[in-house]
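# Summary of structural features
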Amino acid sequence: MCKTRFLAAFAAVALLAVAGKADACTGITLKSQDGSTVVARTIEWGGSDLNSRYAIVPRGYTQSSYIPGGTKGGMTFTAKYGFVGLSVEQEEFVTEGLNEEGLSAGLFYFPGYGQYEDYDESLKAQSIADLQLVSWMLGSFKTVDEAIEGLRQVHVVAIDPRASTAHWRVADQSGRQVVIEIVDKKVNVYENNIGVLTNSPGFEWQVTNLNNYVNLYPGTAKPKARGGVQTASFGAGSGFLGLPGDVTPPSRFVRAALYQTTAPVLATADKTVRQCFQILNNFDIPIGIETAEGETAVDIPSATQWTSATDISGRKLYYRTMYNSAIRMFDLNNINFGKTKYKTAPLDEVKEQPVYAVSVK
């Protein structure tokens, strides 16, 4: 892609930091009775269609990182492991993916809190754009430990100073999961034992904020006598009265944590994948709520552009989009990453929600 096309495409991503639209992501993690771990997430952007694509990356495929100014001149990296990724705006900008060794990685927006190190031309051979970090990790490592160690050898930089910073979720087949945040130019790694991630503020603050909701519990509150009045719940689920319902990152983190930790543990990974999609239905952001009065909302079906779920042990990556709610799946077990060619294509060949007639006989 030429520099002009690159800058035009990247402008939409850069505007995530300044346009006030829904630049949101919600991640959850569920385990099944058979020992499988499923990580799932949404990606939101209410400013325009992100033109999301998938990429099948074989072993031996070489990429070069972008550097500030929109040219490729940064670190060159070759995939040791094959992977499948879901990207936004450009095929190189993988925001969620899974490799053949069971490493899962995803980028989540982190506006206003992250700060990468300044780009140093003398270090360009070790510099990688934040939007390409997921691709590099998926192609290079098979465990969380390896990814953390690898981060010490590179310099993560922003391509455009207007763009939102990011933080990352990385998980492997052992079930271990970490959050990586670069704040004040320092890489911080947090064990993500709860398995939830949204956006700003930082991960430690989000976990601490859960203490504000210690009073919530699953089920229905018992009737109580208050003076001479008998009070009772209007319906089921009143133990969650007070659960925040807005779409801000702290509220989504709390809601995701409580939905996730109260969900029943299902027998298999396949059932758990469907459970993840059902839970994440609650985090779909409709177009309009992030649009200020007097502004015109964009003409796309949803700010939640796609939702994915990854069965790490089963090596399967599932997704659905705002244009098609049918769940589609990549089975990495059926891809020969030693022989397949690099391939990329839109997540939706047809951008129109299909409607199927019910056959009545």
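These lines cover the structure that appears in this document, whether it is placed above or below.

How each quantity is defined
- Residues numbered from 1 in each chain as written.
- Predicted model: local features only at pLDDT ≥ 70, side-chain atom pairs only at ≥ 80, totals over all residues.
- Heavy atoms only, no water.
- Salt bridge = Lys/Arg side-chain N within 4 Å of Asp/Glu carboxyl O.
- Helix = DSSP H or I, 4+ residues; strand = E, 2+ residues; numbered from the N terminus.
- Axes fitted to C-alpha atoms, helices over the stretch in contact; angles between N-to-C directions.
- Parallel < 35°, antiparallel > 145°, perpendicular 65-115°, else oblique.
- Left-handed = near helix turned anticlockwise from the far one by under 90°.
- Contact = heavy atoms within 4.5 Å.
- Nonpolar A, V, L, I, M, F, W, Y, C, P; charged D, E, K, R; others polar.
- Core = buried A, V, L, I, M, F, W, Y, C linked by side-chain atoms within 4.5 Å.
- Buried < 20%, exposed > 50% of the residue type's maximum accessible area, 1.4 Å probe, protein only.
- Expected span 1.5 Å × (residues − 1).
- Pairing = 2+ DSSP bridges.

### Points about the pattern of salt bridges
By the definition in use, this model includes eleven salt bridges. Where Asp145 meets Arg176, a salt bridge forms, and the shortest distance between an N and an O atom there is 2.4 Å. One end of the pair, Asp145, is in helix α3 (residues 144-151); the other, Arg176, is in the loop between β11 (166-171) and β12 (177-183), with 31 residues separating them in the sequence. What emerges from the salt-bridge pattern is a single network uniting Arg41, Glu96 and Arg169.

### Some points on the packing of helix α2 (residues 133-140) against α3
Here α2 crosses α3 at 125°, and the two axes come no closer than 10 Å. Judged by the inter-axis angle, α2 sits oblique to α3. Crossing angle aside, the handedness with which α2 passes α3 is right-handed. In this structure, α2 contributes Leu133, Trp136, Met137 and Ser140 to the contact, and α3 contributes Glu146, Ala147, Gly150 and Leu151. In terms of residue class, the contact of α2 with α3 is built from five nonpolar, two polar and one charged.

### Comments concerning the nonpolar core
By size, the foremost hydrophobic cluster in this structure holds 77 residues, and its most contacted members are Trp136, Met137, Val156, Trp168 and Val170. Apart from residues lying up to four places away in sequence, Trp136 is in contact with Met75, Phe77, Ile128, Phe141, Gly150, Leu151 and Val154. The next biggest cluster of nonpolar side chains, apart from the first, holds five residues, and it includes Leu216, Leu243, Val254 and Leu258.

### Digging into helix α6 (residues 269-280)
In this model α6 runs 16 Å from its N-terminal to its C-terminal C-alpha over twelve residues, within 8% of the 16 Å that 1.5 Å per residue would give. Listing the buried residues of α6 in full gives Ala269, Thr272, Val273, Gln275, Cys276, Phe277, Ile279 and Leu280. Here the buried face of α6 lies against β1 (27-31), β2 (37-44), α5 (249-262), β16 (304-311) and β17 (316-321).

### Here's the deal with the sheet that holds β1
Spatially, the five strands line up as an open sheet ordered β1-β2-β16-β17-β18, and their pairing is antiparallel. Looking along the sheet, the strands with just one partner apiece sit at the ends: β1 and β18 (328-331). If you compare each strand with its neighbour and ignore which way they point, the axes differ by 15° on average.

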